[in-house]
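# Descriptive analysis of the structure
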Amino acid sequence: MFQIDEGMNGELIMHFKDNLNALDNALENICDAISPLQEKYTVSVNIYPTWLYKESGYGNGSADVGINRLDPALLHVFDYLKTKDIGIYLELYSSGIYTSQNGEVGNQPLVKERYGEQKIVKGISLDLDCLEDIFTKYDIVKGVRFHELIGTHEIGLNGNPHGFTVDFDFLTEVAEVCKKHDRRLVWGDHSWFLAYTESGKYGMWLDHLRKACEILGDNITVNYSNNGWGGQQYALQYTYNMADFCNNNRWGYSVQSWWWQEKDAQALPKWENGDTRWYSDAYFDMPAELMAAFTLETFRRGGDLVQYEPAVYAFNFYHPGSKEEDRIGQYEQMPDYSGRMTTKRLIDILLRYDTDRGAFPSMNPADYYASSQSEMMGNSWREKPKTYNQTTVTALGDRIKVFDTYCSTPGTWYNNDANRYLNQVFSGNVVDAIRAKTDFRLIDEVLVVKKEGNLQAAFYNHMSAYYVNCDNLVASNSDGDFAGLVSLNLKRNYPGRNSAFFGDPDEIVVARSNGQQVLFTVYEKTFVNNGATRRNFTYTVDNTLTAQVNAQFGSIAAGDFIALLGMRSRNFLYQDNTRPEDNLLLATRTPDDKVLISGEIRGEVANIPISKTLDINASSVRDIKCADADLNYVDELAVLKTDGTVNFFECRMSSGYDFVYQSSLTGLGNNVRKILATRWTTYYKE
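Everything numeric here is computed off the predicted structure, so don't read it as measured data.

What counts and what doesn't
- Residues numbered from 1 in each chain as written.
- Predicted model: local features only at pLDDT ≥ 70, side-chain atom pairs only at ≥ 80, totals over all residues.
- Heavy atoms only, no water.
- Salt bridge = Lys/Arg side-chain N within 4 Å of Asp/Glu carboxyl O.
- Helix = DSSP H or I, 4+ residues; strand = E, 2+ residues; numbered from the N terminus.
- Buried < 20%, exposed > 50% of the residue type's maximum accessible area, 1.4 Å probe, protein only.
- Axes fitted to C-alpha atoms, helices over the stretch in contact; angles between N-to-C directions.
- Parallel < 35°, antiparallel > 145°, perpendicular 65-115°, else oblique.
- Left-handed = near helix turned anticlockwise from the far one by under 90°.
- Contact = heavy atoms within 4.5 Å.
- Nonpolar A, V, L, I, M, F, W, Y, C, P; charged D, E, K, R; others polar.
- Pairing = 2+ DSSP bridges.
- Expected span 1.5 Å × (residues − 1).
- Polar contact = N/O pair within 3.5 Å; in protein donor to acceptor, adjacent residues only side chain to side chain.
- Phe/Tyr/Trp six-rings, centres within 6.5 Å; stacked < 30°, edge-to-face > 60°.
- Core = buried A, V, L, I, M, F, W, Y, C linked by side-chain atoms within 4.5 Å.

### Observations concerning the pattern of salt bridges
- Counted under the stated rule, the structure contains 47 salt bridges.
- Linking glutamate 91 and arginine 145 is a salt bridge whose minimum nitrogen-to-oxygen distance equals 2.6 Å. A residue pair is termed long-range when its members are at least 10 positions apart, and glutamate 91 in strand β3 (residues 87-94) and arginine 145 in strand β6 (residues 141-147) qualify at 54 residues.
- Overall, arginine 145 belongs to the buried group, its relative accessible area being 1%.
- Residues participating in the shared-partner salt-bridge network are Arg114, Asp129, Glu132, Glu173 and Lys180.

### Describing the packing of helix α5 (residues 128-137) against helix α7 (residues 168-180)
- Running from N to C, α5 and α7 cross one another at 20 degrees; their axes reach a closest spacing of 10 Å. Overall, the two elements α5 and α7 adopt an arrangement that is roughly parallel. Relative to α7, the crossing made by α5 is right-handed. Residues Leu128, Leu131, Glu132 and Phe135 of α5 form the contact with α7, whose own contacting residues are Phe170, Glu173, Val174, Val177 and Lys180.
- Counted by class, the contact of α5 with α7 contains six nonpolar, no polar and three charged residues.

### Here we look at helix α6 (residues 149-157)
- For α6, the full list of buried residues reads Leu149, Ile150, Thr152, His153, Glu154 and Gly156.
- Once α6 finishes, glycine 159 follows within two positions and takes phi at roughly 85 degrees, a positive value.

### Some thoughts on the sheet that holds strand β16 (residues 445-452)
- Pairing is antiparallel across the open sheet formed by four strands, whose spatial order is β14-β16-β17-β18. With partners counted over all chains shown, the strands left at the sheet margins are β14 (430-436) and β18 (466-469), one partner each. Neighbouring strand axes in the sheet, compared pairwise and without regard to direction, differ in orientation by 25 degrees on average.
- Bridge analysis of β16 against strand β17 (residues 454-460) gives seven bridges, and the strand direction is antiparallel. Considered in β17, the bridge of valine 448 is made with alanine 458.

### A word on α7
- Along its 13 residues, α7 runs 19 Å from first to last C-alpha, staying within 8% of the 18 Å computed at 1.5 Å per residue.
- Turning to α7, its buried residues are Phe168, Phe170, Leu171, Val174, Ala175, Val177 and Cys178.
- Near the N-terminus of α7, the side chain that reaches the backbone nitrogen of aspartate 169, with its oxygen 3.1 Å away, is that of aspartate 167.
- Trailing α7 by a residue or two, aspartate 182 shows a phi angle of about 55 degrees, which is positive.

### Let's talk about the packing of aromatic side chains
- Scanning the model with the defined rule gives 46 aromatic pairs in all.
- Ring geometry for phenylalanine 168 against tryptophan 205: centres 5.2 Å apart, planes inclined by 65 degrees, an arrangement best described as edge-to-face. Here tryptophan 205 lies in helix α10 (residues 204-216) and phenylalanine 168 lies in helix α7, a separation of 37 residues in the sequence.
- On the numbers, 4.9 Å between centres and 10 degrees between planes, the contact of tyrosine 196 with tyrosine 240 is stacked. Within this pair, whereas tyrosine 196 is found in helix α8 (residues 194-197), its partner tyrosine 240 is found in the loop between α11 (232-237) and β9 (250-256), the two being separated by 44 residues in sequence.
- Relative accessible area serves as the criterion here: at 35%, tyrosine 196 is assigned to the partly exposed category.
- An aromatic cluster of at least three residues, connected via ring pairs, comprises Tyr93, Tyr98, Phe146, Phe164, Phe170, Trp187 and Trp192.

### Examining the environment of glycine 103
- Relative to the assigned elements, glycine 103 resides in the loop between α4 (95-99) and β4 (111-112).
- Between the C-alpha atoms of glycine 103 and proline 161, which are 58 residues apart in sequence, the distance is 9.3 Å.

### Topic: the nonpolar core
- Of all hydrophobic cores here, the largest spans 143 residues; its most connected members are Phe78 and Trp187.
- Apart from residues lying up to four places away in sequence, tryptophan 187 is in contact with Phe146, Leu149, Leu171, Trp192, Trp205, His208, Leu209, Ala212, Ile220, Thr221, Val222 and Asn223.
- Counting residues in each nonpolar core, the second largest holds 21 residues, with Val595, Ile601, Val621 and Phe649 among its members.

### Thoughts on the sheet that holds strand β11 (residues 390-396)
- Spatial strand order, β13-β12-β11-β33-β15: five strands in an open sheet with antiparallel pairing. A strand with exactly one partner marks an edge of an open sheet, and here the two such strands are β13 (414-415) and β15 (442-443).
- As judged from the seven bridges shared by β11 and strand β12 (residues 400-406), these two strands associate in the antiparallel manner. Each residue of the ladder has a partner; that of alanine 395, found in β12, is lysine 401.

### A few points about unusual backbone geometry
- Residue proline 310 follows glutamate 309 across a cis peptide bond; omega there is 0 degrees.
- Within the secondary structure, proline 310 sits in the loop between β10 (305-309) and α14 (311-314).
- With a phi close to 65 degrees, aspartate 281 is a non-glycine residue in the positive phi region.
- Note that aspartate 281 resides in the loop between α12 (258-267) and α13 (288-300).
- The class of aspartate 281 is buried, set by a relative accessible area of 9%.
- The backbone phi angle of serine 464 is positive, close to 70 degrees, even though this residue is not glycine.
- Mapped onto the elements of the fold, serine 464 is located in the loop between β17 and β18.
- Under the relative-accessibility criterion, serine 464 is labelled buried at 2%.

### Things to note about the side chain of glutamine 390
- Counting through the fold element by element, glutamine 390 comes out in strand β11.
- One polar contact links glutamine 390 to threonine 392, side chain to side chain, over a distance of 3.3 Å.
- Engagement of the side chain of glutamine 390 in a polar contact is seen with the side chain of aspartate 404, the distance being 3.1 Å.
- Residues in contact with glutamine 390, not counting those within four places in the same chain, are Pro287, Glu289, Asp404, Thr405, Tyr406, Arg420, Leu631, Thr678, Arg679 and Trp680.

By themselves, these figures tell us nothing about what the structure is for.
Written as structure tokens, this is what we have:
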């Protein structure tokens with residue numbers, strides 16, 4: 001079950017309701033994305049009708065008729081999805097509905113339980129007479145959903161206007177309606193665990209759930225939501241998955257990309273004023289592999305329903321509540337509700353895993369995290385509890401080939417090329433591609449240098465969404481012509497939570513050659529008004545760091561220069577919200593055709609100068625990047641050789657900082673010119 005409309009004004013049906021052709025185009029894109037699953041699974045969608053119900057009706061006949069109290073656009077969606085055999089579950093009672101009624105995202109009127117009666121129920125989207133009319137006339141509507149009522153009720157009792165107190169009689173009434181019309185009730189919550197861990201306070205929820213199960217028998221699915229605050233470990237271990245709760249009830253999981261942010265928010269240092277560290281757009285950060293792991297583990301354990309949300313995770317659109325200037329980067333190219341590449345990868349795993357398990361990493365979510373809640377949320381850099389960590393090596397040759405290794409099986413590389421990058425990223429004459437960090441998250445963005453007349457430098461996020469060009473980085477100047485570049489953190493810089501650069505972004509070091517020698521320029525990210533938040537930057541010269549880097553490396557002969565390297569060896573946030581500095585290294589050719597690695601390893605007390613020779617011939621090297629190949633948060637050197645092999649050299653941090661051969665990666669394809677190494681993880685804290 002894919003959520004496709006979360007009931008916010010300006011989302012899908014409300015957005016296109018006055019243009020049904022445009023609505024059909026969006027629905028077609030949604031169905032094109034999810035219909036491949038129909039060869040193996042029953043596929044449905046979740047829709048919030050919050051903004052699409054009006055007690056007085058919409059002028060299409062008497063409002064006394066239930067479906068006439070629904071916007072015609074919603075009925076159009078019912079008819080459209082009927083042609084695709086994609087079932088519909090309407091959001092009926094939830095915290096999300098109430099945010100459109102309590103002023104947070106809207107001021108929709110509160111809804112009466114029954115049409116023409118006086119009893120109002122907070123947090124419901126339509127009256128039960130309307131629902132019964134829908135059930136009578138639209139068999140494609142398979143049922144309704146309750147969602148996140150436990151926490152909503154709790155904060156409602158405490159007077160928090162975000163929540164409301166649940167009407168328990170209404171729960172029973174809905175169960176009776178579903179029974180009468182042979183429809184399913186999906187009752188999901190991220191706080192079911194509280195009914196067991198704090199039974200004195202929350203155990204009564206099980207009584208109400210049991211009553212619904214007794215009424216509905218086989219027609220109720222109890223969903224455990226994986227985004228529960230304080231309950232991540234229960235979600236990973238399926239401790240309270242609600243299987244066999246009552247009368248062999250059906251059960252499932254609400255697999256939410258919110259998992260990523262809620263885990264982070266609890267495990268990271270707080271903002272300087274003590275607030276929980278929420279950060280923007282983190283619901284786009286959940287890897288497809290982790291979504292698939294929750295899904296397949298649910299089915300393996302006997303669950304029969306997995307539901308995904310939010311809608312903007314799966315489909316190219318923007319969060320309806322976001323400001324227009326914040327929407328760049330929330331979708332890949334167009335906000336047209338097409339399936340994201342992440343969704344396509346998720347679907348590929350779900351369809352192929354049973355017959356091709358060797359092509360994918362572990363599909364047990366518990367294999368990616370520490371075994372206890374306290375370890376996970378302690379999140380200490382010194383202890384390094386296991387947390388999701390992925391390194392990707394992309395080979396740029398005759399075709400783009402992509403290899404990943406995961407913390408579930410470090411050092412095992414999986415080759416999955418499909419739906420990794422949009423064509424716009426690597427099309428044309430690519431000169432180089434490097435990882436870059438321009439915002440808070442530890443999911444690398446990509447800086448691609450292309451030769452399109454003049455050299456161009458374009459930034460893309462992890463979804464291949466284009467940000468901005470900063471061509472001055474690669475333009476020729478008095479130092480000479482572009483020879484190479486690297487992105488790394490050279491100074492700790494936190495300008496404040498409300499700054500566009502609160503994430504302590506990387507600096508970029510650029511090498512230029514005049515044919516005789518190589519000189520270096522250091523650039524820092526600075527604000528420029530380009531009209532959209534993620535485009536509001538350029539890079540300007542940091543004269544102090546430029547002088548320091550040139551003094552560090554001295555005179556470098558142009559013929560000896562191979563590459564600049566940014567080696568990461570520490571992966572945490574300081575309490576002041578800055579990051580550790582990375583290690584700037586230089587690869588040069590020695591007189592006997594070896595590769596010399598020189599520079600400094602940044603330490604907490606002092607910087608350690610190094611000068612180490614790799615056991616490899618410089619003439620056999622096409623590219624060198626840094627990559628955490630063994631996922632211990634200390635980069636290896638990834639050396640692309642002329643034979644198309646990548647050799648990884650480990651830096652022995654505790655043994656003289658020697659670089660020692662560790663492993664190799666093969667199968668990169670033909671004529672590989674460059675490699676790109678990126679990471680997908682989160683911070684520890686110091």
